[in-house]
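Breakdown of the fold
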Amino acid sequence: MKKISIAIVLCFSLFKASADEGMWLPMLLGQQVYDDMVKHGLKLTKEQLYSINQPSIKDAVVIFGGGCTGEIVSNQGLIFTNHHCGYGVIAGSSTVEHNYLKDGFYAYSKDQEIKSDLTITFLERIEDVTDKVESSLKGLNAVDRAKKIAEVYKQITDKVADSVNSVSGKIYSMFKGNQYIMYVYKIYKDIRLVGAPPESIGKFGGDTDNWEWPRHTCDYSIFRVYTAKDGKPAEYSADNVPMKPKWFLPVSLKGYKDGDFSMIYGYPGGTNRYETSYGIKLKNEIDNPSLVHLRDVRLKDMYAEMIKDPAVKLKLAENYASVANYYKFYDGETKQLEKYHVYEAKQGVESKFGTWAKDKPDYQNVLSDYEKNYATWTSSAKERVYVIEGILGSSLVDYASSLMALERALTQQGKTQADVKKALDAANEERKTFLAEEDLPSDKKIVAATGMMFYTDVDKSQHPIGFYQGIKDKFGSLDDEATYKAWTNSMFDNTMILDSAKWAAFSANPDAVTLQNDPAFAYASAFVQNYILKYSNAYSDFVAKNNELGRLYMKGIMEMNPAAVKKMYPDANFSMRVSYGNVKSYNPRDAVHYDYETTSKGVLDKYVPGDYEFDLPANEIDLLKKRDFGQYIDKSRNDLVTDFITTNDITGGNSGSPVIDGSGNLIGLAFDGNYEALSHKIQFDKDLNRTICVDIRYVLWCIDKLGNAKNIINELKLVR
């Protein structure tokens, strides 16, 4: 493997990895990092962690769907991941009569497993392609570099692509563009649902407990990957067979104690640990508060309808869960960044850099250019958030905006009838999905609320020209909620998107004028076009310049402190990583101590019959009260352990990641972080950061005792 050409490490203050911080590339573990893992309690060799030439743990860890992690746990391709990672499949497979989301589901034989549209991705190998990328970008300015890089990536990845064997390459920028690594993947498309607990178990505690410890959630779901008979990836077929994996994880019944080694493999989605003070200021003052404010309204409107009707709950479940998850995160992130004065700390780092860079032409203007770049964009930042999270937060408006592709087919020169048909066919398919998921009462409230919020909160000079005047002329005062409700009702009553007869007539003879006059399309188009024409290019320039400045800033930081180069990890970017640490209790605030694990006692203490978030199935309550824990009991606690915490460094994308002991056995599934450390995307807190995991014994207990799916238990390699 090619040696890294740059001293890839950050060096001081906020840039230095410490304690259990770090999302390491398992294929590039340095000896110092590996030795530290051994000191923490690792008993495996480097080759057992990652190897190209022989099976290793990396072969048991997969990208699950588009944004989670899963792990292979049997020699028949069985996959464990989180309940919220399988949520869309579980909800999509459910009906009111067979509500797997509410009641749970287990396949007691392979022919009962449910087909899904998921993909599972295995890492085959990696290749350092830094020289290839840089040689193609040499001499380009920031904007041109950003425009060309996708083309350069494609030229490189095309050489490893093999559609017959479902092999593809993806290039990741590491260390803000100072290194480029290509990951070669193999993708499997026949993935079937095997099991899931009732939502009341898999999401126990709901939004109240989200990002909180102590926790008592059993966040798991089970899938299986199938292949053609020759072992190659294949589309779904009744003739396919369960995968025979290169490696699978044994499952431990041994438990652990405070201080024991823990390792987490997975695909963390994104961090920005090397963010500047300018970025934190924008995040704290505009981006996060705007997002939280808008999502709060959307969630309340959906929730109000979901609690009225199980059918509505099922319809909105996936969308609600998606919006809710990071609503609380971004609220907490800002509070933690402010509480721990991260903005001021970043300024201190930048002050040292500025002093060092004064007489160095390559770096002396980096910070002043950063400041100018943020100053140019900041005044437009709120408009962008309000379009994405507000205007397009409505399902109707979001779908209506997709019809702009059809409008282009109808109006642009050179477009043919074949182009129109293709766009119309796509619109028809998307409309079917939209209508199946649309809840009119909640969506009406969202449109009225977010339409008014944009008018009230966003600078009037940034509004679509004439749009709000049109509402005022027809419906009344723009400061009155009743105006927006009347306007919304009119839109919903008159749009052809919600009227199948009108839509059929339009589809039979599509024309641009009819589409443009549709009130829902006109609304969506007004705001999207306003953003595209006025702000889209500015945002692209802002991002491109920031990327180039980030590359130079990091390069300068490394040159500034060569003697401090010890160990370093790149920002998370949904490439495979391993983090290590320990199972560990903590003290979140004065006079408060949090234990490292929770038990069934806490489940019963939280249980509230009939509650939306804290209800439980009757059979679980019965078994817990009887203390029928079987082989899954923790002997040291004389109880069933439900969840535990570790010091591992993770972020979004790690959902479903295996938590592994020093011998390579599965002890739990990572599913959350703790509220006290929600600034972790920007800064790791060595004292407060904790990863919340469901104990694998609780998972097995639910499968066995509640689900009676002993066939699944029998398939696992249990370590006692």
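Residues numbered from 1 in each chain as written. Predicted model: local features only at pLDDT ≥ 70, side-chain atom pairs only at ≥ 80, totals over all residues. Heavy atoms only, no water.

Our focus in this paragraph is unusual backbone geometry. Going from Trp213 to Pro214, the amide bond is cis rather than trans, its omega being 10°. Its place among the elements puts Pro214 in the loop between α8 (206–209) and β10 (221–227). Even without a glycine there, the phi angle at Ser166 is positive, about 55°. Summarising the element assignment, Ser166 is placed in the loop between α6 (142–157) and β7 (167–174). Take Ser166: its relative accessible area is 18%, and that puts it in the buried class. We note that Asn638 has phi near 55°; this positive angle belongs to a residue other than glycine. (Helix = DSSP H or I, 4+ residues; strand = E, 2+ residues; numbered from the N terminus. Buried < 20%, exposed > 50% of the residue type's maximum accessible area, 1.4 Å probe, protein only.)

On to empty space enclosed by the protein. Summary: where empty space remains is shown by rolling a probe the size of a single water molecule over the atoms. Inspection of every chain in the model, using the stated rule, returns three cavities of 30 Å³ or more. For the largest cavity, the calculated volume is near 70 Å³. Every residue along the wall of the largest cavity is listed here: Arg298, Met302, Leu316, Asn319, Gly393, Ser395, Glu437, Glu438, Asp439, Ser442, Asp443 and Ile446. Secondary structure elements with two or more residues in the lining of the largest cavity: α9 (277–306), α10 (310–339) and α16 (440–457). Here the lining of the largest cavity gets three residues from one element, more than from any other, and that element is α16. In the lining of the largest cavity, the residues fall into three nonpolar, four polar and five charged. (1 Å grid on protein atoms, 1.4 Å probe; cavity = no way out; pocket = protein on both sides within 12 Å on 5 of 7 lines; lining within 4 Å. Points joined across faces, edges and corners; volume = space filled by probe spheres on them. Nonpolar A, V, L, I, M, F, W, Y, C, P; charged D, E, K, R; others polar.)

On to the confidence of the model for the protein. Any segment with low pLDDT has predicted coordinates that should not be analysed in fine detail. Of all residues in the protein, 97% have pLDDT values of 70 or greater, and the mean over the chain is 94. Every residue in residues 1–16 is under pLDDT 50, and counting partners more than four places away or in other chains gives 49 contacts. (pLDDT = per-residue confidence, 0-100. Contact = heavy atoms within 4.5 Å.)

Quick look at the layout of surface pockets now. The calculated volume of the largest pocket comes to roughly 1400 Å³. Contributing to the lining of the largest pocket are 45 residues, with Lys176, Asn272, Glu275, Val543 and Asn547 lying nearest its centre. At the level of elements, α6, β7, α9, α12 (366–390) and α21 (519–560) are the ones that each hand at least two residues to the lining of the largest pocket. Per-element tally for the lining of the largest pocket: the top contributor is α21, with nine residues. Each residue belonging to the lining of the largest pocket can be placed in one class, and the counts come to 23 nonpolar, 11 polar and 11 charged.

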